[in-house]
Amino acid sequence: MLRKLSRSALVGAALVAAIALGACRDTGKDQLFAISGKLFEFNYRLAIATYVITLKPLRPMVDGQVAVVSFQNPAGGDPIIVNQKIWPKLPHITLTSPPLTCVVKDKPYAVSIRIQDASGTLLQSIDTTMTSSEDQTMLPDRPLVIGPNYELNPDLAGHPDGKLPDEQKPDCSKAT
């Protein structure tokens, strides 16, 4: 009985040590930011899809820093480049792409983030991929609402699902 108890205590101690070591992993002393969230946002009401990435500051931010983000274009062609000022007093940084076309479910898309100082010097690089859990074809063909009062889009009268039978679809033949 004592031997069984000692073995259990040893296994328990090993598990606690493994968890403690995992919690103490090095996040990198030179890193300024870590990705705290990433997703494809499908705004059904506005009929648009976008990349959204959230960065968590690991050290105090400095005025003048900029995030230069290169999003793989789901429709093919050149990447989508976004330059965004980093505001030092915000608790996190949210990076959003312009509206996308041709997003495919379960396909990984490359994203590259470069953090630069005011003079353009590279401070940190972050490379990641993003995979959508939905296909963009689930969005309506046009926004469901328009205007500041969210009035129903008259173009969709008689089409409550937002799908128009004769609507021209984006050309996704060049999608990578």
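Since the model is a prediction, treat every value here as computed from it, not as a measurement. (Residues numbered from 1 in each chain as written. Predicted model: local features only at pLDDT ≥ 70, side-chain atom pairs only at ≥ 80, totals over all residues. Heavy atoms only, no water.)

A.B. asks: Looking at this structure, how should I read the overall build of the protein?
C.D. replies: Of regular secondary structure, the protein possesses 1 helix and 9 strands. Within the protein, the proportion of its 176 residues that are buried is 28%. Long-range contacts, defined as pairs at least 24 residues apart, comprise 59% of the intrachain contacts of the protein with a sequence gap of at least 6. Split by element, the accessible area of the protein, about 11,500 Å² in all, is 59% carbon and sulfur. (Helix = DSSP H or I, 4+ residues; strand = E, 2+ residues; numbered from the N terminus. Buried < 20%, exposed > 50% of the residue type's maximum accessible area, 1.4 Å probe, protein only. Contact = heavy atoms within 4.5 Å. Areas by Shrake-Rupley, 256 points an atom, 1.4 Å probe, with all protein chains shown as cover.)

A.B. asks: Looking at this model, I keep getting lost on the pattern of salt bridges. Mind explaining?
C.D. replies: For side chains of opposite charge, pairing can occur when their charged atoms come near one another. Under the criterion given, the structure shown has 5 salt bridges. For the salt bridge of Lys85 with Asp63, the shortest nitrogen-to-oxygen distance reads 3.4 Å. Taken as a pair, Lys85 in strand β4 (residues 80–85) and Asp63 in the loop between β2 (48–57) and β3 (66–71) lie far apart in primary sequence, 22 residues in all. Among the ionic pairs, Asp127 bridges to Arg114, the shortest N-O distance being 3.3 Å. (Salt bridge = Lys/Arg side-chain N within 4 Å of Asp/Glu carboxyl O.)

A.B. asks: Can you help me understand the sheet that holds β2 in this one?
C.D. replies: Paired through their backbone hydrogen bonds, the strands of a sheet run either parallel or antiparallel. Pairing in this open sheet of 3 strands is antiparallel, and the strands run β1-β2-β5 from one edge to the other. The open sheet terminates on both sides in strands that have one partner only, identified here as β1 (33–43) and β5 (93–96). Going from strand to strand, the sheet's axes swing by 20 degrees on average, the running direction of each strand aside. As judged from the 4 bridges shared by β2 and β5, these two strands associate in the antiparallel manner. Paired with Leu55 across the bridge in β5 is Ile93. (Pairing = 2+ DSSP bridges. Axes fitted to C-alpha atoms, helices over the stretch in contact; angles between N-to-C directions.)

A.B. asks: Just checking my understanding: could you explain the environment of Ile48 for this structure?
C.D. replies: Along the polypeptide, Ile48 turns up in strand β2. Residues Ile48 and Pro99, spaced 51 residues apart in sequence, show a C-alpha to C-alpha distance of 5.7 Å. Each residue touching Ile48, except ones within four places of it in the same chain, is listed here: Glu41, Phe42, Asn43, Pro99 and Leu139.

A.B. asks: Help me understand the sheet that holds β3 in this model?
C.D. replies: Pairing within the open sheet is antiparallel, and its 4 strands lie in the order β4-β3-β6-β7. What marks the edges here is a single partner per strand, and that holds for β4 and β7 (122–131). When strand polarity is set aside, the average angle formed by the axes of neighbouring strands in this sheet is 15 degrees. Bridge analysis of β3 against β4 gives 6 bridges, and the strand direction is antiparallel.

A.B. asks: Explain unusual backbone geometry to me, please; I cannot follow it from the model alone.
C.D. replies: Note: most peptide bonds trans; most residues except glycine with negative phi. Of note in this structure, Ala47 is not a glycine but carries a positive phi near 60 degrees. In this fold, Ala47 is placed in the loop between β1 and β2. Located in the positive-phi region is Tyr150, a residue other than glycine, with phi close to 55 degrees. Within the element layout of this structure, Tyr150 appears in the loop between β8 (145–146) and β9 (151–152).

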